[in-house]
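In case you want the letters, here they are:
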Amino acid sequence: DIGGEYYAFPLSRIHAIIKENAHAIFTLENKQQIKYQDNDVSLFNASQVLECAQTEHNDNSLMDIIILNERSEYYAIVVDSTATPIPSASSATES
């Protein structure tokens, strides 16, 4: 969720969902970045982009970050929380 509202990202664009603390964020050319798989990835705060209530994170709290992949480029978006994925029917029958 972002600012108390639920949003969806196309599954085909989601590369990973990770947790990082504020210490992982650095600034490069006036843009917030994180390291992901040895790459500098631009970091955006979804609350700022959507102009909604922003959750404050202290340096030790973990942030939910969605890594998106678009045309071989990675982008990272900080969200307030992520939903637990629902298992597919095929994985449920394999148990």
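In this text, all values refer to a predicted model and were calculated from it rather than measured experimentally.

Peer 1: Can you help me understand the overall build of the chain in this one?
Peer 2: Within the chain, the secondary structure is distributed over two helices and six strands. Traced from its N-terminal end to its C-terminal end, the chain shows the element sequence β-β-β-β-α-β-β-α. Expressed as a percentage of its 95 residues, the buried residues of the chain come to 23%. Considering only residue pairs separated by 6 or more positions, the chain has 61% of its internal contacts joining residues 24 or more positions apart.

Peer 1: When you look at the packing of aromatic side chains in this model, what are you seeing that I'm missing?
Peer 2: Two aromatic rings, taken as a pair, are described by how far apart their centres are and by the angle between their planes. Tallying each qualifying case throughout the model produces one aromatic pair. Summarising the aromatic geometry, the rings of Tyr-36 and Tyr-74 are spaced 5.6 Å apart at their centres and angled 80 degrees between planes, so their arrangement reads as edge-to-face. Residue Tyr-36 is found in strand S3 (residues 31-36), and its partner Tyr-74 is found in strand S6 (residues 73-79); the two are separated by 38 residues along the sequence. The exposure class of Tyr-36 is buried, given its relative accessible area of 11%.

Peer 1: Any chance you could explain the sheet that holds strand S1 (residues 14-21) here in plain terms?
Peer 2: What holds strands together in a sheet is hydrogen bonding between their backbones, with the strands either parallel or antiparallel. As summarised here, the arrangement of the six strands in space is S1-S5-S6-S4-S3-S2, forming an open sheet in which the pairing is mixed. The open sheet has two edge strands with one neighbour each: S1 and strand S2 (26-28). Going across the sheet, the axis of each strand differs from the next one's by a mean of 40 degrees, ignoring polarity. Looking at chain direction, S2 and S3 are connected through three bridges and run antiparallel. By the bridge assignment for S3, Phe-26 is matched with Gln-33.

Peer 1: So what exactly am I meant to see when it comes to the pairing of strand S4 (residues 39-45) here?
Peer 2: Looking along a regular strand, one sees side chains alternate from face to face of the sheet. The sheet contact formed by S3 and S4 spans four bridges and is antiparallel. Across the sheet, residue Lys-35 finds its bridge partner in S4, namely Asp-40. Connecting S3 to the antiparallel partner S4 that follows it, the hairpin turn spans two residues, and Gln-37 within it adopts a positive phi of roughly 50 degrees. When S4 meets S6, the two strands line up parallel, connected through four bridges. Pairing of Ser-42 across the sheet is with Tyr-75, part of S6.

Rules used throughout
Residues numbered from 1 in each chain as written. Predicted model: local features only at pLDDT ≥ 70, side-chain atom pairs only at ≥ 80, totals over all residues. Heavy atoms only, no water. Helix = DSSP H or I, 4+ residues; strand = E, 2+ residues; numbered from the N terminus. Buried < 20%, exposed > 50% of the residue type's maximum accessible area, 1.4 Å probe, protein only. Contact = heavy atoms within 4.5 Å. Phe/Tyr/Trp six-rings, centres within 6.5 Å; stacked < 30°, edge-to-face > 60°. Pairing = 2+ DSSP bridges. Axes fitted to C-alpha atoms, helices over the stretch in contact; angles between N-to-C directions.

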